[in-house]
Amino acid sequence: LGLASICIIFRGMCASPPVMMTPRLRRQRQQTRLFIAVVATLVALASNFLHLRLQVATPVQPKRASNAYMHFAAEKRNEYKKPEMSAAQTAKALGEAWRSMSDAEKAPFMRQAADDKKRFEEALAAFTEQGGVMQTKAKRAKEAKKLAKVMTSEKKPKKPRAASAYNFFVKERMSNSKASMTEVAKEWKELPEAKKATFMAEAAEAKAALTAS
């Protein structure tokens, strides 16, 4: 709602003729003008606030620097790529070409890599100064996988799982002693197979009972 719209709404009040201007009407007119001014000020403040919020953007993570080979591959890919070649075959051809190049032939791409590294370091400093935190592809993939797992677990209830032989061993050991989990794990690792068989049988029975239920 802009100032023009507000004036249109109150046009009748704003354009009142000066005839028969009683003290009461004069006060009403002054109050109307004051109300319009206050509303216009609030609208302007809200508009400026929204504009400032749009200007404050989340810092964008800078693109990591590419090494010399990556610059070479980006520049020469079309030269080595053939219609009948797959992406893997093209990559193989580029790799072989790179390995056969002399240091002098690699020098231009080494310089590009050095410049790209400098560009990244400067962008990273600015990004960090703005409060940004760099994330690796592995970390982003891990977070995405974790989020997908959470969403899936919310939709599908987890299936009950039978206790393992180790679970039965831990239960028995912890009930008879105050050993730590580290000590119990070590004991299980060193336990002869003959003694493990008892707990493995219990685990098999638990699994069969769960399957039958």
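We now turn to the structure provided with this report. What you see is a predicted model, and the numbers here were worked out from it, not measured in a lab.

What follows is about the overall build of the protein chain. When its secondary structure is counted, the protein chain shows 10 helices and 0 strands. Moving toward the C terminus, one meets the helices and strands of the protein chain in the order α-α-α-α-α-α-α-α-α-α. Relative to its full complement of 213 residues, the protein chain shows a buried share of 17%. With an accessible surface of roughly 17200 Å², the protein chain has 61% of that area assigned to carbon and sulfur atoms.

On to the side chain of Asp 116. With respect to the helices, strands and loops of the structure, Asp 116 is situated in helix 6 (residues 103-129). Since its relative accessible area comes to 13%, Asp 116 is described here as buried.

Throughout the structure, instances matching the rule amount to 10 aromatic pairs. Ring centres 5.3 Å apart and planes at 45° place the aromatic pair Phe 72 and Trp 98 in the tilted group. With Phe 72 in helix 4 (residues 68-80) and Trp 98 in helix 5 (residues 87-100), this pair connects stretches of sequence that are 26 residues apart. Like Phe 72, the residue Trp 98 is buried in the burial classification.

Before going further, it helps to spend a moment on the packing of helix 8 (residues 165-176) against helix 9 (residues 181-190). One can describe the packing of helix 8 onto helix 9 by two numbers: an axis separation of 10 Å at closest approach and a directional angle of 125°. Our classification of the angle between helix 8 and helix 9 gives oblique. Note that helix 8 runs across helix 9; the crossing there is right-handed. Touching Ala 165, Tyr 166, Phe 169, Val 170, Arg 173 and Met 174 of helix 8 are Met 181, Val 184, Ala 185, Glu 187 and Trp 188, all from helix 9. Classifying every residue of the contact of helix 8 with helix 9 gives 9 nonpolar, no polar and 2 charged.

With that out of the way, let us pick up the pattern of salt bridges. Inspection of every chain in the model, using the stated rule, returns 4 salt bridges. The residue Lys 76 makes a salt bridge to Glu 79 at a minimum N-O spacing of 3.7 Å. With Lys 76 and Glu 79 both in helix 4, this residue pair falls 3 residues apart, about one helical turn. When the shortest N-O distance is used, the salt bridge between Arg 119 and Asp 116 registers 2.6 Å. Linking Arg 119 with Asp 116, this pair stays in helix 6, spanning 3 residues, or about one helical turn. In this structure Arg 119 comes out as partly exposed when scored by relative accessible area, which is 31%.

Reading guide: rules and limits
Residues numbered from 1 in each chain as written. Predicted model: local features only at pLDDT ≥ 70, side-chain atom pairs only at ≥ 80, totals over all residues. Heavy atoms only, no water. Helix = DSSP H or I, 4+ residues; strand = E, 2+ residues; numbered from the N terminus. Buried < 20%, exposed > 50% of the residue type's maximum accessible area, 1.4 Å probe, protein only. Areas by Shrake-Rupley, 256 points an atom, 1.4 Å probe, with all protein chains shown as cover. Phe/Tyr/Trp six-rings, centres within 6.5 Å; stacked < 30°, edge-to-face > 60°. Axes fitted to C-alpha atoms, helices over the stretch in contact; angles between N-to-C directions. Parallel < 35°, antiparallel > 145°, perpendicular 65-115°, else oblique. Left-handed = near helix turned anticlockwise from the far one by under 90°. Contact = heavy atoms within 4.5 Å. Nonpolar A, V, L, I, M, F, W, Y, C, P; charged D, E, K, R; others polar. Salt bridge = Lys/Arg side-chain N within 4 Å of Asp/Glu carboxyl O.

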